[in-house]
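Chain by chain, the residues run as shown.
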Amino acid sequence: MIQQWWKDAKFGMFIHWGIYSVPAGEYAGVKTDNIAEWIMHDLRIPIAEYEKFAASFTGEHFDADKIVRFAKECGMKYLVFTAKHHDGFAMYHSKADAYNTSITPYKRDPVRELKNACEKYGIDFGLYYSQAQDWHDPDGCEDGENGEGKDFEKYFKNKCLPQVKELLTDYAPVKLLWFDTPMYMTAEQSKELKDFVLSIQPDCMISGRIGNGLGDYVTTGDNFIPLLPIGYSFEVPATTNHSWGYNKFDSDWISAKKIIRRLVKIVARGGNYLLNVGPRPDGSIPAECTEILKEIGSFLKYNGDSIYATVSIPPYPYDIDWGYFTYKPGKLFIHVFEDLDRVYLLNIHNKPLKAYLLKDKTPLKVKERCTCEGDSSWLIKLPQNRDKDIDRVICVEVEGAELEFEPIKR
Ligand code: JFZ
């Protein structure tokens, strides 16, 4: 069931870390042109060859405490870590399957370390688990194969369910299980998995990609932001470059400005944003990525009230191209992306009581007037944007618990 902590959180950290970070986008002199964690599949690397990457997985700079503290400083409220990706390698000390971090020189258990750090810093803890695809298990699914000669039930009962059980019991409470790519799973299998999770942890949330419409919310395609309210809670998973797992060639970083504005857009439409980091095999995170996250953190430090615990609102009847609205009972936040010297708005029904720039409380005046056509209007003059803020957030305290837009009159 959807939980309030998740609805209020809005912004989380996704971590894709596994032995795919060792080849980091290149195997035997061939570069993959797809996301790096798919290299085993895309370059047809034989299991015995791929297993060898475990020997170079050193993790000496992996510091769960530092990562979680950093996520918190950047304004992230929850964390989702890849406990097992499609390559079948478990990133924790699994008793159900020996193919896990114990066999690497790193040896440690990052699920344990991240869980402890999340508890320490008050970050809600979630785990990613590839429930259908497993390219290491002879009976796991693989994209593009029809499963001939495979006994999926065997994999499902002998690896998937036992590992899910381990995760839910040894690292409890897991607040969110992020299942992925449910390919070929029947409705019965998705239902069995869901019931199994809930029998162990009734409060555990389940991502949309458990399959067959059984998730607690919709997981959209990467960076696909719904245009209109879809009637369900949703989460947009996304990267800061292209790949989820570390890819040494992927230097096409997305600017913090773009990411901050995407966050605002997603939150304005009622969704959550789960933003990825892909550590190197030594556990370090590329500086380009941490710089982007820091900038988002400095925006949220002063403007977080316009993001966290906001609620979805009806669509504004006009297509404004300079920003977005977010709302929580009694407070309308107007996000201004452009260097406007005034904001003029029609058809907001609620009475404005008080207005200010959110980041420093600079008082602003809302001039109310009825247009010749009888529409209500607000005029808010803005001071110069000396700091060149990516998003200037105006907070207008309003009457009424619900935000109401008046329909466009004929
Ligand atoms: C999946 C994984 O295959 C990928 O490696 C990564 O973990 C990502 C977060 O999730 O990739 C997907 C799955 C579904 C869609 C897009 C990428 N989709 O529905 O558009």
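Analysis parameters
Residues numbered from 1 in each chain as written. Predicted model: local features only at pLDDT ≥ 70, side-chain atom pairs only at ≥ 80, totals over all residues. Heavy atoms only, no water. Helix = DSSP H or I, 4+ residues; strand = E, 2+ residues; numbered from the N terminus. Buried < 20%, exposed > 50% of the residue type's maximum accessible area, 1.4 Å probe, protein only. Polar contact = N/O pair within 3.5 Å; in protein donor to acceptor, adjacent residues only side chain to side chain. Contact = heavy atoms within 4.5 Å. Expected span 1.5 Å × (residues − 1). Domains from an automatic or database assignment. Buried area = accessible area lost by both parts, 1.4 Å probe. Salt bridge = Lys/Arg side-chain N within 4 Å of Asp/Glu carboxyl O. Nonpolar A, V, L, I, M, F, W, Y, C, P; charged D, E, K, R; others polar. 1 Å grid on protein atoms, 1.4 Å probe; cavity = no way out; pocket = protein on both sides within 12 Å on 5 of 7 lines; lining within 4 Å. Points joined across faces, edges and corners; volume = space filled by probe spheres on them. Pairing = 2+ DSSP bridges. Axes fitted to C-alpha atoms, helices over the stretch in contact; angles between N-to-C directions. Right-handed = clockwise from strand over helix to strand, strands pointing away.

Looking at where T82 falls in the secondary structure, it is placed in strand β4 (residues 78-84). We classify T82 as buried; its relative accessible area is 1%. Separated by 3.1 Å, the side chain of T82 and the backbone nitrogen of W17 make a polar contact. For T82, the residues in contact, after removing those within four places along its chain, are I15, H16, W17, Y20, M91 and Y128.

The end-to-end C-alpha distance of helix α7 (residues 187-200) is 20 Å, a good match for the 20 Å that 14 residues give at a rise of 1.5 Å each. Lining the buried residues of α7 we find α6 (152-170), β6 (176-179) and β7 (205-206).

If you check the domain split of the chain, you get domain 1 (4-306) and domain 2 (323-398). The centre of domain 1, based on its C-alpha atoms, is set 38 Å off from the matching centre of domain 2. Here domain 1 and domain 2 share an interface that buries about 1300 Å² over both sides, 62% of which is from carbon and sulfur atoms. Area buried by domain 1 at its contact with domain 2 is led by R261, D305 and S306, which between them contribute 44% of it. Our count for the contact surface shared by domain 1 and domain 2 stands at two salt bridges. When the shortest N-O distance is used, the salt bridge between D305 and K331 registers 2.8 Å. On the surface where domain 1 and domain 2 come into contact, there are five residue pairs in polar contact (both at pLDDT 80 or more). Considering every element that reaches the side of domain 1 that touches domain 2, the biggest residue donor is helix α8 (residues 256-268), with seven residues. Split by residue class, the side of domain 1 that touches domain 2 holds six nonpolar, two polar and six charged.

As a further point, take empty space enclosed by the protein. All chains considered together, the criterion is met by one cavity of 30 Å³ or more. Volume-wise, the largest cavity comes out at about 90 Å³. Every residue lining the largest cavity is counted, 14 residues in all, and those nearest its centre are N241, S243, W244, W253 and G278. The class makeup of the residues in the lining of the largest cavity is six nonpolar, seven polar and one charged.

With that out of the way, let us pick up the sheet that holds strand β13 (residues 342-346). The strand order β13-β17-β16 describes an open sheet built from three strands, whose pairing is antiparallel. Each edge of the open sheet is held by one strand with a lone partner, namely β13 and β16 (366-370). In this sheet, neighbouring strand axes are inclined to one another by 20° on average, regardless of whether the strands run parallel or antiparallel. Relative to strand β17 (residues 376-381), β13 runs antiparallel, the two being bridged by five bridges. When the sheet's bridge partners are listed, L346 is paired in β17 with S377.

Within β4, seven of the seven residues are buried, leaving the element largely enclosed by the surrounding structure. Examined bridge by bridge, strand β1 (residues 11-15) and β4 share four bridges and lie parallel to one another. Along β4, the bridge assignment pairs F14 with V80. In this structure, β4 lies alongside strand β5 (residues 124-129), joined through six bridges in parallel fashion. By the bridge assignment for β5, V80 is matched with G126. Each parallel crossover has a hand, and for β4 linked through helix α5 (residues 110-121) to β5 it is right-handed.

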